[in-house]
Amino acid sequence: MIREGGLVAFPTETVYGLGGDALNPLSSGKIYAAKGRPSDNPLIVHIADFEALEAIATDIPKAASKLAGRFWPGPLTMIFRKRDCVPDETTGGLSTVAVRMPDNPIALALIRASGGYIAAPSANLSGRPSPTSGEHVREDMDGRIDMILDGGSTRIGLESTIVDLTGDTPVILRPGFISAGMLDEVLGHVETDPAIAGETDPSVHPKAPGMKYKHYAPKGTLTIVSGEREAVVAYIQKQIREHDANHRIGVIASAETCERYQADVVCNIGSVADEETIARHLYDVLRSFDVKQADLIYSEAFNGGSLGQAIMNRLIKAAGHHIIEVS
Ligand code: TXA
Ligand code: MG
């Protein structure tokens, strides 16, 4: 199907991808249409062998083979200058191309069987949380694409870390499972796009085109409440008491706090001591509030540890930058 210009959704270790032939401009056009995504938002090209990189990118720095040696296949996307064989439709008109080798046997077999280059954004409708199960893909894409390969739930649950290798210093454009500290260990020095570091200021525009869009948001209004645990629980409980009569209220809580909320829908996202579980559950939890029709949602902040930046990056976008600090 992919060789013939069709679209196939497939599992990766991060989230499900919506795949088409990366070297066929018509396929990329279909991907944008199926997602309802602005066509200036470039796609990631997925490969199955390091050698494939040479055919689509130029000026590949030494840092790339070091990073690939350590993290590929895996949840790391690298940005290079593109070769002419990569159509503008795939890169949203940019002269650079994002490339990643996913760590999932179904994805790798699909890429090899399809000619070696699959362009794939996350397989959600534009603006919705990324899909972490075949069922999520079906919710968004049923009738819009040719096939879904259902490989069950994804292992990591957040999209890949994106690092731009086209400048003098590598720059992280999107935080993910591969943290700045892990990249530092291999490269010695890596910067982070200031728009990510200054996450709460919506006026600073990120360098990855897709990072500026509203994303991941449930239909209900989501507010993040950050601060010391007891103060957070007290604040959210107070909101529940005040608004319960007129709203269906949802709470994203940790295993440690979930029994303390008397809301209509309380989601236990996992223990604060286990960030990987929180990351894996995040999008499913955000989607579940639409099904359960919560219109007012409060979330605790989950910003400890090495995955904290990646989790909060998505949660803050889902909340439209609406965070309350309590003490
Ligand atoms: O884990 C992932 O990366 C998943 C799976 C399916 O591989 N894919 C994914 O793709 O998250 P998508 O399209 O949802 O997000 C790609 C991000 C967007 O923010 C896009 O703007 C950015 O990567 N991007 C792609 N090419 C770029 C480029 N040449 N320069 C800067 N940013 C780029
Ligand atoms: Mg996406």
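As the structure is a computational prediction, the values presented were derived from the model and not from experiment.

**Focus on the overall build of the protein**
Working step 1: Along the protein, the regular secondary structure elements total eleven helices and 16 strands.
Working step 2: Its C-alpha atoms give the protein a radius of gyration of 20 Å, near enough to 20 Å, the size a compact globule of 327 residues would have.
Working step 3: Out of the 327 residues belonging to the protein, those deemed buried represent 57%.
Working step 4: Counted over contacts in the protein with a minimum sequence separation of 6, partners at least 24 positions apart contribute 66%.
Working step 5: For the protein, the accessible surface area stands at approximately 13600 Å², while carbon and sulfur atoms represent 49% of it.

**Focus: the packing of helix α3 (residues 62-71) against helix α7 (residues 180-187)**
Working step 1: Two numbers describe how α3 lies on α7: the axes approach to 10 Å, and their chain directions differ by 120°. Between α3 and α7, the interaxial angle falls into the category oblique. In this structure, the crossing between α3 and α7 has a hand that is right-handed. Packed against α3, whose contacting residues are Ala63, Lys66, Leu67, Arg70 and Phe71, the element α7 presents Met182, Leu183, Val186 and Leu187 at the interface.
Working step 2: The class makeup of the residues in the contact of α3 with α7 is seven nonpolar, no polar and two charged.

**Topic: the packing of helix α10 (residues 275-291) against helix α11 (residues 308-318)**
Two measures define how a pair of helices packs: the angle their axes make with one another and the distance between the axes.
Working step 1: One can describe the packing of α10 onto α11 by two numbers: an axis separation of 10 Å at closest approach and a directional angle of 15°. In terms of orientation, α10 and α11 fall into the roughly parallel class. When the axes of α10 and α11 are compared, the crossing they make is left-handed. Residues Glu275, Ile278, Ala279, Leu282, Tyr283 and Leu286 of α10 form the contact with α11, whose own contacting residues are Gly308, Ile311, Arg314, Leu315 and Ala318.
Working step 2: When its residues are assigned to classes, the contact of α10 with α11 shows eight nonpolar, one polar and two charged.

**A short note on the layout of surface pockets**
Over the atoms, a rolling probe the size of a water molecule traces out where space has been left empty.
Working step 1: Put simply, the largest pocket is a space of about 680 Å³.
Working step 2: Taken together, 42 residues form the lining of the largest pocket, with Arg37, Asn41, Pro42, Ile162 and Arg174 sitting closest to its centre.
Working step 3: Of all elements in the fold, only β3 (44-46), β6 (96-100), β9 (161-164) and β10 (171-174) reach the threshold of two or more residues within the lining of the largest pocket.
Working step 4: Top element by residues in the lining of the largest pocket is β6. It accounts for four residues.
Working step 5: Class assignment for the residues of the lining of the largest pocket results in 18 nonpolar, 16 polar and eight charged.

**With respect to the pattern of salt bridges**
Working step 1: Enumeration over the complete set of coordinates arrives at 14 salt bridges.
Working step 2: A salt bridge links arginine 81 to aspartate 59; its shortest N-O distance comes to 2.9 Å. Separated by 22 residues along the polypeptide, arginine 81 in strand β5 (residues 76-82) and aspartate 59 in the loop between β4 (57-58) and α3 bring together distant segments of the chain.
Working step 3: A salt bridge links glutamate 230 to arginine 260; its shortest N-O distance comes to 2.8 Å. With glutamate 230 in helix α9 (residues 229-243) and arginine 260 in the loop between β13 (249-253) and β14 (265-268), this residue pair connects regions lying 30 residues apart in the sequence.
Working step 4: In the salt-bridge network here, residues are joined through shared partners; they are Arg128, Glu139, Asp140, Arg287 and Asp290.

**What about the nonpolar core?**
Working step 1: One finds Ile47, Trp72, Leu76 and Met78 to be the most contacted residues of the largest nonpolar core, which totals 50 residues.
Working step 2: If one sorts the elements of this core by residue count, α3 sits on top with five residues.
Working step 3: If you look at the next biggest cluster of nonpolar residues, it comprises 28 residues, including Leu158, Tyr216, Ile252 and Phe289.

Criteria and thresholds
- Residues numbered from 1 in each chain as written.
- Chains lettered and ligands numbered in written order.
- Predicted model: local features only at pLDDT ≥ 70, side-chain atom pairs only at ≥ 80, totals over all residues.
- Heavy atoms only, no water.
- Helix = DSSP H or I, 4+ residues; strand = E, 2+ residues; numbered from the N terminus.
- Rg over C-alpha atoms; globule rule 2.2 N^0.38 Å.
- Buried < 20%, exposed > 50% of the residue type's maximum accessible area, 1.4 Å probe, protein only.
- Contact = heavy atoms within 4.5 Å.
- Areas by Shrake-Rupley, 256 points an atom, 1.4 Å probe, with all protein chains shown as cover.
- Axes fitted to C-alpha atoms, helices over the stretch in contact; angles between N-to-C directions.
- Parallel < 35°, antiparallel > 145°, perpendicular 65-115°, else oblique.
- Left-handed = near helix turned anticlockwise from the far one by under 90°.
- Nonpolar A, V, L, I, M, F, W, Y, C, P; charged D, E, K, R; others polar.
- 1 Å grid on protein atoms, 1.4 Å probe; cavity = no way out; pocket = protein on both sides within 12 Å on 5 of 7 lines; lining within 4 Å.
- Points joined across faces, edges and corners; volume = space filled by probe spheres on them.
- Salt bridge = Lys/Arg side-chain N within 4 Å of Asp/Glu carboxyl O.
- Core = buried A, V, L, I, M, F, W, Y, C linked by side-chain atoms within 4.5 Å.

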